[in-house]
Amino acid sequence: MDQNREVNEKNLPTPEEQAKIFSAKNKRARIRLVNRIAYFLVVALVLVGIFYAAVKIFFSVDVIIVNGSTVYSHSEVTEVCGYEKGDIIFAVNESEIEKNIVGKLPFVYSVEVKKEYPSTLIINVQDEKESFYFEYDNKYFVLTSGLKVLAVFDDEAKLLSTYGKLTFVKIDDIKQVITTKEVVFFDAESYRRSAKVLHAILQSSIYENLTSADISDLYDVRFMYDDRIELVFGSHIDIEKKISHALSIISKYSENAKGKIYIYDLDEAYAMIEDK
């Protein structure tokens, strides 16, 4: 029996041989693992490729529709929007398109972008609207309610013959005027308050009959209504409510009435009107 044990012990691998066997097994296991990982990666890449191809085929921008602008052509808008036909519609950033167009086309007021799946992009453009004009440095400038300058004329009559009815507005505290840019004021607060008054005018029906608006002193705002009634508002504060109140007073008189209406305070407005 001792002789058999001795024979078995002789047949056992040495520690060095055992290490080699273990190493070989580990190597084969690693190779199998690497092969499996490679297989799964190849399958994943193939699936991703198939998915991308399907998305590219079915969800690529194929149609770009531009609505609303009378100033810019379809191609002028699409060239600056930042995207083109063939781009995947899921990757289109609406806010980026709006920013690109408004930033690069000076006569655009606002942009709204819509996606119609699977492949249509709709860009609705609203042009800046000429609403006012003002005089500065012996020239006449066409102005939007947002205080952007659209055009400049040496002659007031030529401006009016070109644009038709525009309301004259008197502005002060101007630092710089450049066509296609917003008027630059010495004081940023003057810009904000002036824009607020002009916006209030456009939001009201008063604009249709407004001859002029004097906002050179924002604490002594004055309008001329239909070339016959002066509206004295005092401060720009609550200008929307003051305009509405003025219209309600005007409605009580005939179309021939002339005079002044004072609305320094909403509770103490009074009129000095001659009505024949």
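Quick caveat: nothing in here was measured; it's all calculated off a predicted structure.

### With respect to unusual backbone geometry
Outside of glycine, negative phi angles account for most residues, and trans bonds account for most peptide bonds. With an omega dihedral of 15°, the bond running from Tyr117 to Pro118 counts as a cis peptide bond. With respect to the secondary-structure elements, Pro118 resides in the loop between β2 (108-116) and β3 (120-127). The phi dihedral of Asp137 falls on the positive side, at around 55°, and the residue is not glycine. Not every positive phi belongs to a glycine, and Asp238 is a case in point at roughly 60°. Examined against the element boundaries, Asp238 turns out to sit in the loop between β12 (229-234) and α7 (239-250). Look at Asp238 and you get partly exposed, because its relative accessible area is 35%.

### Let's talk about the sheet that holds β3
The strand order across the open sheet built from three strands is β1-β3-β2, with neighbouring strands paired in mixed fashion. The strands lining the two open edges of the sheet, one partner per strand, are β1 (63-67) and β2. Looking at each pair of strands side by side, their axes are set apart by 15° on average, direction ignored. Sheet topology places β2 next to β3; eight bridges connect them, and they run antiparallel. For Val108, the partnering residue across the bridge sits in β3 and is Asp127. Packed onto the sheet, helix α4 (residues 94-104) meets β2 and β3 and runs at close to 150° relative to β2.

### Some points on the environment of Val184
Tracing the backbone through its elements, the reader meets Val184 in strand β9 (residues 184-185). Of the residues examined, Val184 reaches a relative accessible area of 33% and is grouped as partly exposed. Residues Val184 and Ile174, spaced 10 residues apart in sequence, show a C-alpha to C-alpha distance of 6.1 Å. When residues no more than four places from it in sequence are discounted, the contact partners of Val184 are Ile174, Lys175 and Gln176.

### A word on the packing of aromatic side chains
Taken as a whole and assessed by the stated rule, the structure comprises 11 aromatic pairs. Taken together, a centroid distance of 5.3 Å and an interplanar angle of 25° make the contact between Phe134 and Phe141 stacked. Each member of the pair, Phe134 as well as Phe141, is classed as buried. Seen from their ring centres, Phe153 and Tyr163 are 6.0 Å apart, and the 90° between their planes marks the pair as edge-to-face.

Conventions used here
Residue numbers restart at each chain and count upward from 1, following the sequence in its written direction. Side-chain atom pairs in this predicted model are given and counted only at pLDDT of 80 or more, local residue features only at pLDDT of at least 70, and totals for whole chains, interfaces and linings cover all residues. Derived side-chain values reflect all non-hydrogen atoms in the structure, with water molecules and hydrogen atoms excluded from consideration. Only DSSP runs of H or I reaching four residues or more are called helices, and only runs of E reaching two or more are called strands; each is numbered from the N terminus. Note on exposure labels: buried denotes an accessible area under 20% of the residue type's maximum, exposed denotes more than 50%, and partly exposed covers the range between, all computed with a 1.4 Å probe on protein chains only. When DSSP finds at least two bridges between two strands, those strands are taken to pair. Simply put, an axis is a line fit to the C-alpha atoms, just over the touching stretch for a helix, and the angle between two N-to-C directions goes from 0 to 180 degrees. The criterion used for residue contact is that any of the two residues' heavy atoms lie within 4.5 Å. Think of it this way: a Phe, Tyr or Trp ring, Trp meaning its six-membered ring, pairs with another when their centres are within 6.5 Å, and the plane angle makes it stacked under 30 degrees, edge-to-face over 60, tilted otherwise.

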